[in-house]
Amino acid sequence: MAAVGSGGCTATAGPGAVSAGALEPGTTSAAHRRLKYISLAVLVVQNASLILSIRYARTLPGDRFFATTAVVMAEVLKGLTCLLLLFAQKRGNVKHLVLFLHEAVLVQYMDTLKLAVPSLIYTLQNNLQYVAISNLPAATFQVTYQLKILTTALFSVLMLNRSLSRLQWASLLLLFTGVAIVQAQQAGGGGLRPLDQNPGVGLAAVVASCLSSGFAGVYFEKILKGSSGSVWLRNLQLGLFGTALGLVGLWWAEGTAVARRGFFFGYTPAVWGVVLNQAFGGLLVAVVVKYADNILKGFATSLSIVLSTVASIRLFGFHVDPLFALGAGLVIGAVYLYSLPRGAVKAIASASAPTSGPCTHQQPPGQPPPPQLSSHHGDLSTEPFLPKLLTKVKGS
């Protein structure tokens, strides 16, 4: 994750990112900017398209597919993809891959078992998303689901002993207020809704999903920082548990119906689109997120809300009234403010103070440059606690 330097003078490069000081004029900086724009586009499209596609597939007339089977299929495809990526890392050597997996998964079984907890929560979260989106308009779900920022921040404070700035606390309050306004609009009957949809059930599902997302994301981050396993290995392990737990959930919730009608009952091209989006969308985000700093991710979230709202108007006849617009606007503003690094906030606060030059912290001639922060994790004391998009490989 890249940390944005204050005042545009310095920038700490995250994993895989290009350091600002190492950029050559012209081609390299232009290529880096293109990668950031591509990252922004991918994040926006993935965030919005998954919600819209689930809503579309769940509201189509005709036979409705079993959500539990879609969750299991997404886990299977995700695990197979990670397995293929690990196979490529071993240069196509089956023996090396088998020995590696035996050591990482079976010999170090205690390390593998740690992932059972987040995998269980992610599986529950994925099922809850189907319940929530089936009972809430896509735009309402998209706005309300930003409560995961609040839950992730709280779990980061409780489990990782992090601290929030006053601006971040204020933005979280603003976020909660915006979501409350949107839900008040929904409870007031804003717009027509089908009779088979229950906004109360949808709200309960999305709140439970946000709580599970926050806890699982922070827990998974702790595991990643405490071990040397690659992201693809961790997600393969999560996929193994997720598939097993998903099958248990399928048997418990819809086992009789699935046995009678079939695993792929109700599957259409739209449903397969949802499954593929869930399976590969998170992995794609994990690849591009190294080019996206926190401000870019916050901006992508805001654009996703706007895109979901516009698409909901066109596709589902969603009605935007002043109350929804106010609540959504507060949420968008809160996401942007929360994503600002503390260095940028200090730079804004000191912008009116007189300076001796364009950059107040330039090194005197002849002095060595200050040491750079670690490029692996960044400065954890100054990074905002947006939900790690790395964990979106499994979650939202």
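Residues numbered from 1 in each chain as written. Predicted model: local features only at pLDDT ≥ 70, side-chain atom pairs only at ≥ 80, totals over all residues. Heavy atoms only, no water.

### Points about the overall build of the chain
Inclusion rule: Helix and strand definitions here come from DSSP, where helices need a minimum of 4 consecutive H or I residues and strands a minimum of 2 consecutive E residues; each element is numbered from the N-terminal end. The buried label applies to any residue whose accessible area, calculated with a 1.4 Å probe on protein chains only, is under 20% of its type's maximum; exposed applies above 50%, and partly exposed to all values in between. In what follows, residue pairs with any heavy atoms lying within 4.5 Å of each other are defined as contacts. Methods summary: accessible areas were calculated by the Shrake-Rupley approach with a probe of 1.4 Å, and residue burial reflects only the protein chains presented.
On a plain count of helices and strands, the chain comes out with 14 helices and 0 strands. For the chain, the α and β elements follow one another from N to C terminus as α-α-α-α-α-α-α-α-α-α-α-α-α-α. Each of the 396 residues in the chain was classed as buried or not, and the buried ones make up 48%. Put simply, 87% of the contacts in the chain that link residues at least 6 apart link residues at least 24 apart. On the chain, roughly 18,900 Å² of surface is accessible, and the fraction owed to carbon and sulfur atoms is 68%.

### So, the UniProt feature "transmembrane region" (unreviewed entry) in the chain
Let me state the cut-off plainly: UniProt positions are given in the numbering used here, feature names are shortened, and annotations may be inferred rather than shown by experiment.
In the numbering used here, UniProt assigns the "transmembrane region" (unreviewed entry) feature to residues 37-58, 64-87, 169-188, 200-220, 232-252, 264-289, 296-317 and 323-340. Secondary structure content for residues 37-58 is 100% helix and 0% strand, and the end C-alpha separation is 32 Å. Overall, residues 64-87 shows 88% helix and 0% strand. The separation of its end C-alpha atoms is 37 Å.

### A look at the packing of helix 5 (residues 116-135) against helix 10 (residues 231-261)
As a reminder, the rule being used: Axis definition: a line fit to C-alpha positions, over the contact stretch in the case of helices; interaxial angles, taken between N-to-C directions, run 0 to 180 degrees. By definition in this entry, angles of less than 35 degrees are roughly parallel, angles greater than 145 are roughly antiparallel, angles of 65 to 115 are roughly perpendicular, and the rest are oblique. Crossings are assigned a handedness: left-handed for a near helix turned anticlockwise from the far helix by less than a right angle, right-handed for a clockwise turn. Residue type decides the class: Asp, Glu, Lys and Arg count as charged, Ala, Val, Leu, Ile, Met, Phe, Trp, Tyr, Cys and Pro as nonpolar, and the leftover types, Gly among them, as polar.
In the contact formed by helix 5 and helix 10, the axes pass within 9 Å of each other and the chain directions differ by 50 degrees. In this view, helix 5 runs oblique relative to helix 10, as classed from their interaxial angle. In this structure, helix 5 crosses over helix 10, and the sense of that crossing is right-handed. Between helix 5, through Ala116, Pro118, Ser119, Leu120 and Thr123, and helix 10, the contact on the second element is made entirely by Leu238, Phe241, Gly242, Leu245 and Gly246. Looking at the contact of helix 5 with helix 10 residue by residue, the classes come out as 6 nonpolar, 4 polar and no charged.

### Remarks on the nonpolar core
The condition that has to hold: By nonpolar core we mean a set of buried residues, namely Ala, Val, Leu, Ile, Met, Phe, Trp, Tyr and Cys, connected to one another through side-chain atoms within 4.5 Å.
Counting residues in each nonpolar core, the largest one holds 49 residues, and the members touching the most others are Tyr130, Phe141 and Leu172. Those residues in contact with Leu172 that lie beyond four places of it in its chain are Ile149, Leu150, Ala153, Leu164 and Tyr338. Ranked by size, the runner-up nonpolar core spans 9 residues in total, among them Leu101, Trp232, Leu233 and Leu236.

### Looking at a nonpolar patch on the surface
Here is the rule we go by: The patches described consist of residues with a relative accessible area above 30% and no salt bridge, like charges being joined within 9 Å and nonpolar side chains (Val, Leu, Ile, Met, Phe, Trp, Tyr) within 5 Å. Salt bridges are defined as contacts in which a side-chain nitrogen from Lys or Arg sits within 4 Å of a carboxyl oxygen from Asp or Glu.
On the surface, Tyr109, Met110 and Leu113 cluster together into a nonpolar patch covering about 330 Å² of accessible area. For Leu113, the position within the fold is in helix 4 (residues 109-113).

### Here we look at helix 3 (residues 94-107)
Spelled out, the test is: Multiplying one less than the number of residues by 1.5 Å gives the expected span of a helix. The arc in question is traced by the directions running from the helix axis to the C-beta atoms. Polar contact criterion, stated in full: a pair of N or O atoms within 3.5 Å, where within protein one must be able to donate a hydrogen and the other to accept it, and residues adjacent in sequence count only if both atoms are side-chain atoms.
In this model, helix 3 (14 residues) spans 18 Å end to end at C-alpha, consistent with the 20 Å of a helix rising 1.5 Å per residue. Among the residues of helix 3, Leu97, Leu101, Ala104 and Val105 are the ones counted as buried. Within helix 3, the buried residues cover an arc of 80 degrees as seen down the axis, which keeps them to one side. Turned more than 90 degrees away from the buried face of helix 3, the exposed residues are Lys95, Leu99 and Leu106. The elements touched by buried residues of helix 3 are helix 2 (67-89), helix 4 and helix 10. The N-terminus of helix 3 is capped by Asn93, whose side-chain oxygen sits 3.1 Å from the backbone nitrogen of Lys95.

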